[in-house]
Each structure stands twice: as C-alpha cells, then as structure tokens.
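Each chain, letter by letter, is given below.
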Amino acid sequence: MKINELEQRLSARDRELFADSALWSSVPPERRRWPSLVASPSAAKAALQRMSDEAKAVLRTAVCRFGAGAADEERLIQAAAEAAGLAGSEARLGALELYGAGILFAVRKAWGDRMAFLPADIYGVWLRSLYPCRLVPLDADAERQALPVAGKSGSDVPLSRRLLEAWAAMFRSGAGLTAKSALPRRTAAAIEEKLAVAADDLAALGLKPSGSVVHSLPAALALDIGFRLGMIGFAPEAGCFEWRDEAANEWFALGHTEREKRLIGLCAVHYARNAAPLSQSAALLEALQPFRWYRVSDIHARLSELAAPLADRTEAASAIGGALDGWLNALSAFGWMERGCDGTGEPLVRWLWEPPGARDAAEDGAVGDAAADSCVGFGEGDAEEPLYIQPDGDLLAGPLVGYAVRWELEQIADKVSDELVNVYRLSAKSIGRAREEGRTEDGIRRFLERASGCPLPPAVDAALAEWAMRAGRVAIAEAVLLRCDTADIADALERDPALAPLFIERIGPLHFAVDREELAAIRKRLESLGFPLSSRMTALGGDAGGDKQRVKDAGGRSGAALPAQMRNGEGGDGFGGFIEEPRRLQLYELAVEHPQPHEWFPQLDKTPAMWLRQMRAYHPSTRREMVERALLWQTPLKLRTEAGAFAFIPGSLEGTGGTNWAVTGTLRGTENCSKVRLTPEMWNEMMLIVPGVSP
C-alpha cells in the first residue's frame, strides 16, 4: 500500500496525530505535515536522531528482513526482539512509536491477526536513511578503461518511449475484450513487440500476470503501468479499454528526465517487492549517481551489510546475488542502466538516467568527488527538439522530440525506422486510419506545422489533401443476410413500421442486410407477424450468440464485465493490477488505533507496586511468581548478583516450585547478550521492568 492510498483512508485527526509525534519535532511547525514528513529524506534522517533504540530495532528488522512487503506483526516483533536482544514488550513499544509517527502501519485480517508494513513508496527513503549508500564510483583513470559489455547493455530506448508505442499499438490493434474478458491475441502480440522486453527478464523478478486479461508478461506490464499512471481506463458499457487524454497530456508534459525518474520509482515500488533482497537492491541502486561506473562487487558487499540484523545472515546473503543480478537485468532491459567491465574484466554498471535517490545521496557527500551535477538522459537538458518533415513525406523524430508529438505521430503515420532518430512515414493508409479516429485534414496539417515549426513541403501538403479526401470513402461492413422466399414477403416486411428500422438496407428483391446485434429483436418481430425464422435461414445468416467473439474482437461493442483486477481492488475504480502483488493489503481493514503500553500488561493494577519500583530480595516462591509475570508480559527483569546488576529476558521456566526450579533466558549486558540458565539462588535482588510503566 502506498502513502496516497493510506491518506485516503485516514482521517484528518489521524494525520494531525502523526505530525505531532516527537520524532518530527525538528521540522518547523509550518512544514510539519503528514505524509510529506515520512517521504522526506531530510525529515527521516532527523527522525532517526530522536528515535528510541527499540523503534530503530523494529524499523531495521522491517527494512532488512521483510523489505517492501508486509509481515505478520507478531513475527516482526519477535524478529526485532531477537535481533536486538530486546524483550517482546520493548520491541512492541518500539513498533508503537513507529505507528504513532505514521512510519509503520498495520492492517487487520478478518480473524483478527495483524500485518505490519512500511508504505511501499517510502521504503527506499527509510532504507537509505538507515543505511546510507556510501558507494563511490570509479575514479577518472579507471572510468577511461571501462567498456560496455556487448549483449548485456540493454536497450538504447528508454522504457517510457517503448510504452508509448506499445499503448498506441494496443489501441490500433483493438482494445476490446473477447468473450473470456481477455485482450485479443493480436493486440497482446502487438504490445509485446513494441515493448521489446524479454519475458525472462520479468519472470526472474518473480512477476506473473494477474487475471485473465492478458497472459503475456510484457503485455501485462505495459497495461499495468498504463493503468497506474491513469492513462488507460476501462469502459464497461463498451467492453473495451479507453485512452484518457487528460492524464496522458500531464505525463507527456513532463521533462524527459523527470518522466524517466518517476517511471523508475514506479517500477521499484510495484515490481521489486517479491523478496526483501529485491526491494533492497532497487532502493540502494536508486542512490547511485547517473553516468558513473560502479563495481557490482561493491554494491553486493553493501547489500550484504543489510543482513546484519538478521538471525541467518548466510541464508540472506546467498539471496542477494540473484536479486541484484535480476534487478540489474531488468533495469538494463528497460533502457535505464548499462552493464560493463573494467580493465580486469570485473563487472560494472552505470545509470543512463537519473534515479530517484541520486540527489539525496549527493547531499550526504558519500558518492565520490566527481559526482555528476547535471542528471539528464539522452541529449543535453530537457529541451524538446522539432520534428523534421522531408519532401517525400518522411518525418524525422530525434531523441528529444516531445512525447505529445510522438503520440500523435503514432496515430497519423507508420514508423519505418527505430534507430536513434526515428523515421515515420505518412501514407494513404495512415491518414485513413487517423481520419477514422476522428482526426481532420486541417488538424493533421496544423499539428505537423506546429511540431516542425515550418509550413508543410508542397508535395506533402498535396499528398495529405489527396489522402484525406479519399479516406473513408470505401468500407467493408459485416452484416447478416436476411433472405425471403418471394419479393412479396420482402415488400411486406419492409412496410412493417416496427421491423423496417431494424434493417440496414435492402439488397435486391429478396434480401436485407441486418445488423447482428438486432437479430433477437428481428426474430421476435417476425414471429409476431407470423414469419418464424427457419433453421436453414438462421444457419445461413448466423446467430448473434455465436458471433460475440467477433464483435468484441472488432472493438468491444457488445460490452463486457469489468476485469477481475478492477472489481476487487482499491480506490474508486477498484484497480487491483495486471501484475500479481505479493499481498493485497488494500483488501484488509486499516488498523489505526493502537493500544497504550499499560494495555499489554494484564493484572497490572493488581501487581504489587514494589515489584516495579525498586530492587529487593524476595522469597524463592515470590521470585518464581515475578518470573512468571515477566514471561506473561514479555518484559525484562533486573537482577542483581555479586558481579553487578543485569537486565535478564526470561524465555522459559523449568521445575515445579519451591526452590526446585530454573529459568532460561537472555542475560543482557552492556556489550553483548548471552543465553543462560539461572536458579533462584543465583541472584540476590530483582525487580520487574515494564516498558512505558516502570520509572
């Protein structure tokens, strides 16, 4: 779940309480607004300075063990306690601190269990705040020897441009759904061809298509991104997908760098969540500076350090290599990152575009003294270049031609070259297609002159006029043929005022062209007139039920049910994604109320106050009772021995009573923790330590 989704579910009072947390006290009151606080790298760093050790332990465990996914709350509490040598109640108090600041959230399952999670779109901010990048690129001499690796450098075309072409191909090929609520195969194939991303690169991330709309993983990715950006929607009454111009125009208006940066962040949030090492790889790589080579071994080593809070570092470290390699392959396939090697053959990588966290890392001063100040992709800056129109009708689009122009080119022309400079060609077919989509000759002419900044060449202007004049003058229409035995019967049917409007036109003395969708009404009227359709004629003409597939393939005119992803999701349109999510947190109730510390300790009011206030010597039976209470509450005990005072976290109790019993647990010293087994005579004095209650 993301911050904007949480914001929609939270009340204004909830947001005010988050902003009032002591963790944000360093932020000036006029700027203390949730959710901007939790998404700000500077505010996150300041909050960590004020955060308790218990809250840091829970946060580190959430970031390192569970990544950008959700965890069962009790499992998170237990893991944090084990990793940091805390009692369960101490870790729980740390989680409560994070809940109260709007950093950590929980949802409640139907049976009462809770899942805790960091909002997916701030995961990278908090990982990089806890574990700054601290990776330094190659020096100038080493960079001069670095070379891209042939076959591993990915695509030269960024993902945003390929998505634009894939979406255009989708709507050209037919965006209506079939009878099985799926995109036609030819449409999915057209999307996949334009996207040019190998399914294996996506499958390596653990991604799978969701639902039945499209089974091709690359096509599902293109559709998923289009919906998440708001540029593609679904029209149930028409049974087809639709293009949303307002959202598209906002996206096209972004600068080249900003557009790619947002897309990098979107992919990290939604497609790097299937495993903690994958989330960590995506978040750490976002802090690298663009156009600078980094050693893959250095990145791997830094990621391995994140396994420190985990019980089994070896198992965690073994998963890092595969996750890092998989995400690097995906970034290369998306046209954002380049693979290379140094003079010794050691693997290198570098960004070709600015990632979301690069500037934050630069502010930390931990990215090397030669970090790039200007973060741009293809070309110098974000200025758009004009379209060049050749006298033969070819349109030359350089790498910095604006996306609004590129989208229109996809509608009115055919791409004939996909090099650094794309070549589009106007033709009678492309202009005919544009005219069918509602574009006019004058509109096409004005667009071309505006995009190029020049009048059309005379030959192109004349060809445009001729093609536009001929467009749509001839068409092939699909219809059912209604045949009568005699001309007299045909005349009688044509005169019927209820039946005549259902015919498209009369063809000769015996036949009528009939719309398939009107067959049911025609059959009913004919029966009322005493002319029931013969089975032979029905077979010749076809039946509406048998042609639903063709109708939907032609454009979804018969309507279709909402795809499953849009019926059972979040938000107003219920979008659930065309790529499977590990856990759909949106389906659960958000748990914003959190217990006060004293609510975790049953019978606290009946507990002797002296047990909580000072160290004292007690009878063995009372000592056992205090140990049992500490086990129930998951709190530490403070024990005094001849060697000094120590905090002790009981784990289990042995024995029946009297002096014949022992307790096993963790003895927490000033430097380390150790497992011990204690009998009651092994300490002199004791007291209960109740977090949030004890003085």
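Residues numbered from 1 in each chain as written. Predicted model: local features only at pLDDT ≥ 70, side-chain atom pairs only at ≥ 80, totals over all residues. Heavy atoms only, no water.

**Student:** I would appreciate a short explanation of the environment of Leu331 in the present structure.
**Tutor:** As for its placement among the helices and strands, Leu331 is situated in helix 17 (residues 313–333). Its relative accessible area of 0% is what places Leu331 among the buried residues. Sequence-wise, Leu331 and Pro158 are 173 residues apart; in three dimensions their C-alpha atoms are separated by 9.8 Å. Beyond its immediate stretch of four places on either side in the chain, Leu331 contacts Leu285, Trp336, Met337 and Trp351. (Helix = DSSP H or I, 4+ residues; strand = E, 2+ residues; numbered from the N terminus. Buried < 20%, exposed > 50% of the residue type's maximum accessible area, 1.4 Å probe, protein only. Contact = heavy atoms within 4.5 Å.)

**Student:** Honestly, the packing of helix 19 (residues 403–412) against helix 21 (residues 441–452) in this entry has me stumped. Any pointers?
**Tutor:** Contact geometry for helix 19 and helix 21: axes closest at 11 Å, N-to-C directions at 140°. Considering their axes alone, helix 19 and helix 21 lie oblique with respect to each other. Read as a crossing pair, helix 19 and helix 21 show a hand that is left-handed. Of the residues in helix 21, those touching helix 19 at Val405, Glu408, Leu409 and Ile412 are Ile444, Phe447, Leu448 and Ala451. Class assignment for the residues of the contact of helix 19 with helix 21 results in 7 nonpolar, no polar and 1 charged. (Axes fitted to C-alpha atoms, helices over the stretch in contact; angles between N-to-C directions. Parallel < 35°, antiparallel > 145°, perpendicular 65-115°, else oblique. Left-handed = near helix turned anticlockwise from the far one by under 90°. Nonpolar A, V, L, I, M, F, W, Y, C, P; charged D, E, K, R; others polar.)

**Student:** Would you mind going over the sheet that holds strand 7 (residues 294–295) with me for this structure?
**Tutor:** Consider a sheet: its strands pair through backbone hydrogen bonds, and that pairing is either parallel or antiparallel. Taken in spatial order, the 4 strands line up as 4-8-9-7 in an open sheet, and their pairing is antiparallel. Of all strands in the sheet, those bounded by a partner on one side alone are strand 4 (147–148) and strand 7. Both strand 8 (residues 337–341) and strand 9 (residues 347–351) contribute to a ladder of 5 bridges, which runs antiparallel. Bridge pairing in strand 9 links Met337 to Trp351. (Pairing = 2+ DSSP bridges.)

**Student:** Explanation requested: the nonpolar core in the structure shown.
**Tutor:** One recurring pattern in soluble globular proteins: nonpolar side chains tend to sit buried together. Formed by 74 residues in total, the largest nonpolar core has its most connected members in Leu159, Ile225, Phe241, Ile299, Trp327 and Trp336. Ranked by size, the runner-up nonpolar core spans 59 residues in total, among them Trp24, Val27, Tyr99 and Ala116. (Core = buried A, V, L, I, M, F, W, Y, C linked by side-chain atoms within 4.5 Å.)

**Student:** I would appreciate a short explanation of the packing of aromatic side chains in the present structure.
**Tutor:** What describes a pair of aromatic rings is the distance from one ring centre to the other and the angle between the planes of the rings. For the structure on display, the rule yields 18 aromatic pairs. Seen from their ring centres, Trp243 and Trp407 are 4.0 Å apart, and the 10° between their planes marks the pair as stacked. Pair noted here: Trp243 is in strand 6 (residues 240–243) and Trp407 is in helix 19, with a separation of 164 residues, a long-range link. By the ring-pair criterion, three or more aromatic residues cluster together here, those being Trp167, Phe171, Trp243, Phe252 and Trp407. Between the NZ or CZ atom of Arg114 and the centre of the ring of Tyr99, over which it lies, the distance is 5.7 Å. Looking at Arg259, its charged tip hangs above the ring of Tyr403, at a distance of 3.7 Å from the centre. (Phe/Tyr/Trp six-rings, centres within 6.5 Å; stacked < 30°, edge-to-face > 60°. Lys NZ or Arg CZ within 6 Å of the ring centre and 35° of its normal.)

Keep in mind these values describe shape, not function.
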